[in-house]
Amino acid sequence: MNMWSYQMYFSGGQEHFEYDPWGGRGSAATQKSYPYLESLLSFLELDCAQVEGQLQDILTCWNRFFSTGDSTHGDEAMAKMGELAARHIYFQLPYLQWFTHKAAGTLAPEMTKELLQLLEQLPVYQRQAQAFIEVVLDIDRAGRDTQRSMSGQYRINEPDGPALFQFQAIPVSFGPVGEEMCGSILQPNTVRNLIDFSLRECVTSGTSVRQCRNCGRYFPLTGRVTAEYCERPNADRKPCRNTGAVQKWTENRKDDVVFKEYRREYKRHFAWIRAGKLSAEEFADWSKRAQAKKKDCEDGKISLDDLKIWMKNS
């Protein structure tokens, strides 16, 4: 039985991780929650070359530790594993495993084989999971029925080709996952188990994904299936659902000469507030009258020239 504990489950529209090097669960464990499917999607976006470089450095440190017995190499390895764990929640698992063995004095050279396998297989896992998403979960390519899409790509539990993720038995239990809720709980032994668990969750729950029209990243369709923009943070930390909708609205109006005239004067009057030439109350009054004039122009009650004159003199 492992001294450490690490578990993952889905509940309340989120994914939850609980882990502890001493086997504690519940309030005793570190608990982290992320938006639904965020760990898998962010894993697919990792720079594999950088992660492979970190894993190679970690392996080098452990090999030096086992060949020399110098504890400084072990300490350096653990520090590097901590940096990798901070990069992505999946890598908290190997950190936890090695930390526990180091604390108990049970480290063994054979353990490096698992790290070497992770180093070699990481890009394969990433490619296979990406391919699975494209042909099974992507609503615009595969359709809405995830069960049907997967059935068309797999025979029993074997994929039609090596490009797709191959599912295997994983250590899953069943129990409480929230207030008055029960569900599947993964107690993983490998990073691969975590990828496997997330992919099968999407299929069994019927959750499709779509590429965001703003940032191009995948996001889960947990609400409206017509959603085009994600709520995942982007470079400026604002959800694409906010910025993308504004961009789309502006794009749709770019050839609208009435709107362009109104928008130009709106910006000019708004700048007057900051310059102290116009109060907020005066601007609000002007904006209300300007919108009415814009509507009159759109309805054909006044000409565009009349609107320009009014805007200029108001």
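Everything below is about the structure shown above.
Residues numbered from 1 in each chain as written. Predicted model: local features only at pLDDT ≥ 70, side-chain atom pairs only at ≥ 80, totals over all residues. Heavy atoms only, no water.

### Some details on the pattern of salt bridges
Part 1: Within this structure, the stated rule accounts for 15 salt bridges.
Part 2: Between E134 and R141 there is a salt bridge whose closest N-O contact spans 3.6 Å.
Part 3: The salt bridge involving E228 is made with R213; its shortest N-O contact spans 3.3 Å. You can see E228 sitting in the loop between β9 (218-220) and α9 (240-252) and its partner R213 sitting in the loop between β8 (209-211) and β9, a full 15 residues away along the chain.
Part 4: Owing to a relative accessible area of 51%, R213 belongs among the exposed residues under this scheme.
Part 5: Residues joined in a network through salt bridges with shared partners are E38, E45, R217 and R232. (Salt bridge = Lys/Arg side-chain N within 4 Å of Asp/Glu carboxyl O. Helix = DSSP H or I, 4+ residues; strand = E, 2+ residues; numbered from the N terminus. Buried < 20%, exposed > 50% of the residue type's maximum accessible area, 1.4 Å probe, protein only.)

### Examining the nonpolar core
Part 1: Core analysis: the largest hydrophobic core is formed by 59 residues, its most contacted members being W62, Y90, F132, I133, L137, I195 and L199.
Part 2: Among the secondary structure elements, those contributing two or more residues to this core are β1 (5-11), β2 (14-20), α1 (38-44), α2 (48-68), α3 (71-87), α4 (92-104), α5 (112-137) and α8 (191-205).
Part 3: Counting residues per element, this core draws most heavily on α5, which supplies eleven residues.
Part 4: Each residue touching F132, except ones within four places of it in the same chain, is listed here: L137, M150, Y154, L164, F165, F167, L199 and V203. (Core = buried A, V, L, I, M, F, W, Y, C linked by side-chain atoms within 4.5 Å. Contact = heavy atoms within 4.5 Å.)

### Structural notes on the packing of aromatic side chains
Part 1: Summed over the entire model, instances satisfying the criterion amount to 18 aromatic pairs.
Part 2: Pairing W62 with F65 gives two aromatic rings, centres 5.7 Å apart and planes at 85 degrees, and the pair type is edge-to-face. Here F65 and W62 lie together in helix α2, a separation of three residues that amounts to about one turn.
Part 3: When its relative accessible area of 18% is taken as the criterion, F65 is described as buried.
Part 4: Here a set of aromatic residues connected by ring pairs shows up, and it is made of Y6, F17, Y19 and Y34.
Part 5: The ring of Y262 carries K294 above its face, with NZ or CZ at 5.5 Å from the centroid. (Phe/Tyr/Trp six-rings, centres within 6.5 Å; stacked < 30°, edge-to-face > 60°. Lys NZ or Arg CZ within 6 Å of the ring centre and 35° of its normal.)

### Here's the deal with the environment of Y125
Part 1: As for its placement among the helices and strands, Y125 is situated in helix α5.
Part 2: Residues Y125 and D145, spaced 20 residues apart in sequence, show a C-alpha to C-alpha distance of 24 Å.
Part 3: For Y125, the contacting residues outside a window of four places in its chain are F43, R192 and I195.

### So, the environment of S208
Part 1: Mapped onto the fold, S208 is located in the loop between α8 and β8.
Part 2: By relative accessible area, S208 is classed as buried at 5%.
Part 3: Each C-alpha atom, one on S208 and one on D145, is 8.1 Å from the other, the two residues being 63 residues apart in sequence.
Part 4: Not counting the four nearest positions on each side in its chain, S208 is found in contact with L137, I139, G143, R144, T146, F219, P220 and L221.

### Observations concerning the pairing of strand β7 (residues 181-186)
Part 1: For strand β6 (residues 172-178) and β7, the ladder comprises six bridges, and the chain directions are antiparallel. From the neighbouring strand, G178 faces β7, where its bridge partner is M181.
Part 2: Between the antiparallel neighbours β6 and β7 lie two residues, among them E180 with a positive phi of about 55 degrees. (Pairing = 2+ DSSP bridges.)

### Brief notes about helix α10 (residues 257-275)
Part 1: Across its 19 residues, α10 extends 27 Å between first and last C-alpha, which sits within 8% of the 27 Å expected from 1.5 Å per residue.
Part 2: Among all positions in α10, only V258, F259, E261, Y262, E265 and H269 are buried. Down the axis of α10, the buried set is contained in an arc of 155 degrees. They therefore lie on one face. Exposed side chains of α10 directed beyond 90 degrees from the buried face belong to K267, R274 and A275. (Expected span 1.5 Å × (residues − 1). Arc of directions from axis to C-beta.)

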